[in-house]
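Residue-level structure breakdown
What follows is each chain in one-letter form.
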Amino acid sequence: MNIKIFNTPGEIAEAVSHRLLSAVKKGSQVNRKFNLAVSGGSTPKLLFNRLSEEPFQQGIPWEFLHIFWVDERCVPPGDDESNYGMTKKILLDKVNIPAENIHRIRGEEDPSDEVHRYAEDIKMHLTVKNNLPVFDWILLGMGSDGHTASLFPNSDLIKTAGNICGTGVHPVSGQNRISLTYDIINNAAEISFLVTGKDKAETLDQIRNKTPGSSKYPAAKINPVWGTLEWLIDKEIEINPK
Ligand code: 6PG
């Protein structure tokens, strides 16, 4: 397992911001757009906040960055639970990204229609490898129950569209979700888990040591077909260094 340990969550945000800056810049020099998929929840907030400041706010050629979401809660964009709403407030409203580069999942629509619209949007913008669209970089989070995106333990996506995304339900709250599938996540060029906080240490430790039963965790099923996978964690979570 490729794990990089940082002193603080802030250092993870700093490192990811710099990598994004150089990747988007590099692509822009050959007129290539960069397709990024981000997660919701609380962990990416530090990153989004950092990206809204210098040197990133002015330094990233935002017109070359296309942003997608790995999942969405089926709520309107103005709802506090909306992953898009959170990203908009902390980042998108503060940088010069063209509206057409923002590929939100419409949480206010009927999820079984929205999965098809979102899948089409993804297909229209991404290149294809192994018959599936390819994200340049996917930033994932992990819950203490081992879920990632809206892929929860012991529950499959219900209606899928082209094996790209599907509808799901949060096992505890019953909230409807839309999520990318394992297959499209695993077909990305780069996948980074951003995982911080003690409450996730035990789950991470099980996944890392492949303990019996850990394969039930959705996060353990993220194994890129041809790209790279890394775990960016902070010291707090590092309970059992190997
Ligand atoms: C979501 C997510 C989800 C998240 C994890 C970690 O919409 O909830 O995309 O998979 O990444 O739950 O969440 P935290 O960062 O809040 O711990």
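Fair warning: this is a prediction, and the values are worked out from it, not measured in the lab. (Residues numbered from 1 in each chain as written. Predicted model: local features only at pLDDT ≥ 70, side-chain atom pairs only at ≥ 80, totals over all residues. Heavy atoms only, no water.)

Along the backbone of the protein there are seven helices and 13 strands. Here the C-alpha atoms of the protein give a radius of gyration of 17 Å, agreeing with the 18 Å that 2.2 N^0.38 yields for 242 residues. Along the first, second and third principal axes, the C-alpha atoms of the protein reach 45 × 40 × 35 Å. Look at the contacts in the protein between residues 6 or more apart in sequence, and 77% of them connect residues 24 or more apart. When the accessible surface of the protein is split by element, carbon and sulfur atoms take 49% of a total near 10,800 Å². Taken together, the 27 basic and 31 acidic charged side chains of the protein have centroids lying 4 Å from each other. (Helix = DSSP H or I, 4+ residues; strand = E, 2+ residues; numbered from the N terminus. Rg over C-alpha atoms; globule rule 2.2 N^0.38 Å. Contact = heavy atoms within 4.5 Å. Areas by Shrake-Rupley, 256 points an atom, 1.4 Å probe, with all protein chains shown as cover. Lys, Arg positive; Asp, Glu negative; His and termini not counted. Charge placed at Lys NZ, Arg CZ, Asp CG, Glu CD.)

Within the largest apolar cluster, 70 residues are counted, with the highest numbers of intra-cluster contacts made by Leu20, Ile122, Phe135, Ile138, Leu180, Ile185 and Trp231. Ignoring any residue separated from it by four or fewer positions in sequence, one finds Leu20 in contact with Phe34, Leu36, Leu51, Ile60, Leu65 and Trp137. (Core = buried A, V, L, I, M, F, W, Y, C linked by side-chain atoms within 4.5 Å. Buried < 20%, exposed > 50% of the residue type's maximum accessible area, 1.4 Å probe, protein only.)

Between its first and last C-alpha atoms helix 5 (residues 111-125) spans 21 Å; for 15 residues at 1.5 Å apiece the expected length is 21 Å, and the two agree. Inspection of helix 5 places Pro111, Glu114, Val115, Tyr118, Ala119, Asp121, Ile122 and His125 among the buried residues, and these make up the whole buried set. The buried residues of helix 5 occupy an angular sector of 160 degrees when the element is viewed end-on, so they sit on one face. Exposed residues on helix 5 whose side chains face more than 90 degrees from its buried face are Asp113 and Met124. (Expected span 1.5 Å × (residues − 1). Arc of directions from axis to C-beta.)

Following the sequence through the fold, His147 ends up in the loop between strand 8 (137-140) and strand 9 (160-161). Engagement of the side chain of His147 in a polar contact is seen with the side chain of Asp145, the distance being 2.6 Å. Setting aside residues no more than four positions away along its own chain, His147 makes contact with Gly141, Met142, Phe152, Pro153 and Pro218. (Polar contact = N/O pair within 3.5 Å; in protein donor to acceptor, adjacent residues only side chain to side chain.)

Let us look at the side chain of Glu230. Here Glu230 is to be found in strand 13 (residues 228-234). A distance of 2.7 Å separates a polar atom in the side chain of Glu230 from a polar atom in the side chain of Lys4. Filtering out sequence-adjacent residues up to four positions away, Glu230 remains in contact with Asn2, Lys4, Arg19, Ile191, Ser192 and Phe193.

For the structure on display, the rule yields 13 salt bridges. For Lys88, the salt bridge goes to Asp93, with nearest N and O atoms at 2.9 Å. Since its relative accessible area comes to 49%, Asp93 is described here as partly exposed. Salt-bridge contacts for Glu236 lead to Lys198; the nearest nitrogen and oxygen are separated by 3.4 Å. A residue pair is termed long-range when its members are at least 10 positions apart, and Glu236 in the segment after strand 13 and Lys198 in the loop between strand 12 (190-195) and helix 7 (201-208) qualify at 38 residues. Its relative accessible area of 57% is what places Lys198 among the exposed residues. (Salt bridge = Lys/Arg side-chain N within 4 Å of Asp/Glu carboxyl O.)

So, on to the packing of aromatic side chains. Summed over all chains, the structure comprises three aromatic pairs. The interplanar angle of 10 degrees and the centroid separation of 3.9 Å between the aromatic rings of Phe193 and Trp231 together place this pair among those described as stacked. Taken as a pair, Phe193 in strand 12 and Trp231 in strand 13 lie far apart in primary sequence, 38 residues in all. The burial state of Phe193 is the same as that of Trp231; both residues are buried. Over the ring of Trp226 we find Lys129; its NZ or CZ atom is 3.9 Å from the centre of that ring. (Phe/Tyr/Trp six-rings, centres within 6.5 Å; stacked < 30°, edge-to-face > 60°. Lys NZ or Arg CZ within 6 Å of the ring centre and 35° of its normal.)

Let us now look at the state of the cysteines. On inspection of all chains with the given rule, the structure shows zero disulfides. Take Cys74: it sits in no disulfide, and the sulfur closest to it among the cysteines is that of Cys165, at 11 Å. Using a relative accessible area of 0% as the deciding quantity, one classes Cys165 as buried. (Disulfide = S-S within 2.5 Å.)

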